Amino acid sequence: MKMLVGEEGAPYLIVGTAVLLILLLVYLRNRLNKWQPELPAVRIGNGQTIGARSEQDDYFASATTSVGTLAVLADGISGLANGRMCSTMAVSMFVKEYLNVGHVRHIPNFLTETARKANSEMLRQLKGSPGGTTLVAGIIDGDNLHWGAVGDSVILVFRNGEFLSVNPKHTYETVLEQRYLAGEISKEDVIVNPQRRQLINYLGYEQFQKMEIGDEPFALKPGDKVILCSDGVYNALTEVEMEKILRSSTSPEDSAQGMIDAIEVKNLGYQDNATVIILEKSG
C-alpha cells in the first residue's frame, strides 16, 4: 500500500495540537483568576420573629457570586394589605437580578434599576389595591460595602463598640429634622409630631422616587459587622442592648439569634415583625 508523505506523523500532530490547546486554556484560566481574585468569605447570620402581628410581612435572602455577597431585607408595610406579597416579590427580584451582575462597576445600576423594576411590577400586581414594602440591600465586595435603601429599614456598621448609620430613613421625621435645622420648628415639634414615622418613600408607591444608594461604597475595616434590620428590631432594642449581644456572641448567627431572643423575652404587646441579618468578613 502506497503511503503519502507525512501520513505517519499525523496522529502525533493531532495530539500535539490538543496538548497545546489544553495548555492555552490553563494559561487563560490562570490569567482570568488574576484579574478576578477570590474574595474573602463572608459569614452570615439571620434571625426573625413575627412579634405580636398575625402575619410575617418581613422577607430576606442572601446570595454570593464572584462579584460579592448580597444581603437584602424587605419589611412589608403591615398597615397596608399585601405587605407580605410586596416584600417577597421585592427580595426575590433583587436576588434574581443580582445573579446577572458581572462586575462591581455594575452594582449602582443594578440597585437603581431593580428598585424601579420592582416598584413597577408591584403596582401592576396590586392593580390599585394598597400595598408596599421597605427594602435595604448591602453587597460586600472585599473591603467595600455597596448599599441601597428605600423606606425605614436600616443598615448599620458595628465598629469598636459604636454603631455607624449607613442609610437615612425615608420618613416624615427626616423632613421635620430638616425643618428643625433650618430653624422653622423646635426639637419638641419633631418629637411630638404624630406623623413623624410615616413613610414618604417605599416600593409599591405610585409616587416612588428612587432607591437611595451610596455615592461611594462604605469602607469596611477589620472586625466590622454589617447589620441590616427592620424597624421591629431597632424600635424594640436599645443600642446598649444590641452592643452587649454583639460583644458576647461568637458568630453572626449567634448575634442575630441573640437579638431575636431578646426581643421575644420583652413580649411587647405592640411588637412588630422583626428581622435582622448580620454579615462579617472572615479572614
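This text follows the structure it describes.
None of these values were measured; they are calculated from a predicted model. (Residues numbered from 1 in each chain as written. Predicted model: local features only at pLDDT ≥ 70, side-chain atom pairs only at ≥ 80, totals over all residues. Heavy atoms only, no water.)

Engineer: Whenever I open this one, the overall build of the protein chain confuses me. Can you help?
Structural biologist: Per the secondary structure count, the protein chain includes 8 helices and 11 strands. Of all 283 residues assigned to the protein chain, the portion counted as buried reaches 43%. (Helix = DSSP H or I, 4+ residues; strand = E, 2+ residues; numbered from the N terminus. Buried < 20%, exposed > 50% of the residue type's maximum accessible area, 1.4 Å probe, protein only.)

Engineer: Before we go on, may I ask you to explain the pairing of strand β10 (residues 225-229) in this structure?
Structural biologist: Along any regular strand the residues' side chains alternate between the sheet's two faces. Judged by how many residues are buried, β10 sits mostly within the fold: 5 of 5 residues are covered. Relative to β10, strand β6 (residues 154-159) runs antiparallel, the two sharing 5 bridges. Bridge pairing in β10 places Val157 opposite Val226. Pairing analysis gives 4 bridges linking β10 to strand β11 (residues 274-281), with the strands arranged antiparallel. Note that in β11 the partner of Ile227 across the bridge is Ile278. (Pairing = 2+ DSSP bridges.)

Engineer: Just checking my understanding: could you explain the sheet that holds β6 for this structure?
Structural biologist: Pairing between the strands of a sheet is mediated by backbone hydrogen bonds and can be parallel or antiparallel. Pairing in this open sheet of 5 strands is antiparallel, and the strands run β1-β11-β10-β6-β7 from one edge to the other. One side of each edge strand has no neighbouring strand; the edge strands of this open sheet are β1 (42-49) and β7 (162-165). Each adjacent strand pair in this sheet contributes to an overall mean axis angle of 25°, direction not counted. Set on the sheet, helix α8 (residues 252-266) makes contact with β1 and β11; between it and β1 the angle comes to about 15°. (Axes fitted to C-alpha atoms, helices over the stretch in contact; angles between N-to-C directions. Contact = heavy atoms within 4.5 Å.)

Engineer: Can you walk me through the packing of helix α7 (residues 239-248) against α8 in this structure?
Structural biologist: Each pair of packed helices can be summarised by the angle the axes make with each other and by the distance between the axes. Running from amino to carboxyl end, α7 crosses α8 at an angle of 140°, the nearest separation of the two axes being 9 Å. The angle between the axes of α7 and α8 places the two elements in the oblique class. Between α7 and α8 lies a crossing whose hand is right-handed. Here α7 contributes Glu241, Met242, Ile245 and Leu246 to the contact with α8, which in turn contributes Ser255, Gly258, Met259, Ala262 and Lys266. Each residue belonging to the contact of α7 with α8 can be placed in one class, and the counts come to 5 nonpolar, 2 polar and 2 charged. (Parallel < 35°, antiparallel > 145°, perpendicular 65-115°, else oblique. Left-handed = near helix turned anticlockwise from the far one by under 90°. Nonpolar A, V, L, I, M, F, W, Y, C, P; charged D, E, K, R; others polar.)

Engineer: For this particular structure, what's the right way to read the packing of aromatic side chains?
Structural biologist: Each aromatic ring pair is characterised by the separation of its centres together with the angle its planes make. Counted by the stated rule, this structure contains 4 aromatic pairs. A ring pair is formed by Phe158 and Phe163, whose centres lie 4.9 Å apart and whose planes are at 45°; its orientation type is tilted. For the pair Phe158 and Phe163, a shared accessibility class is recorded, and that class is buried. Ring centres of Tyr202 and Tyr205 lie 4.7 Å apart, and the angle between their planes is 20°; on these two criteria the pair is classed as stacked. Look at Tyr202 and you get buried, because its relative accessible area is 13%. By relative accessible area, Tyr205 is classed as partly exposed at 22%. Following the ring pairs from residue to residue traces out a cluster consisting of Phe94, Tyr98 and Phe110. (Phe/Tyr/Trp six-rings, centres within 6.5 Å; stacked < 30°, edge-to-face > 60°.)

Engineer: It is not clear to me how the side chain of His146 should be interpreted in this structure. Could you clarify?
Structural biologist: Mapped onto the elements of the fold, His146 is located in strand β5 (residues 144-150). Owing to a relative accessible area of 11%, His146 belongs among the buried residues under this scheme. Among the polar contacts made by the side chain of His146, one reaches the side chain of Asp141 at a distance of 3.5 Å. (Polar contact = N/O pair within 3.5 Å; in protein donor to acceptor, adjacent residues only side chain to side chain.)

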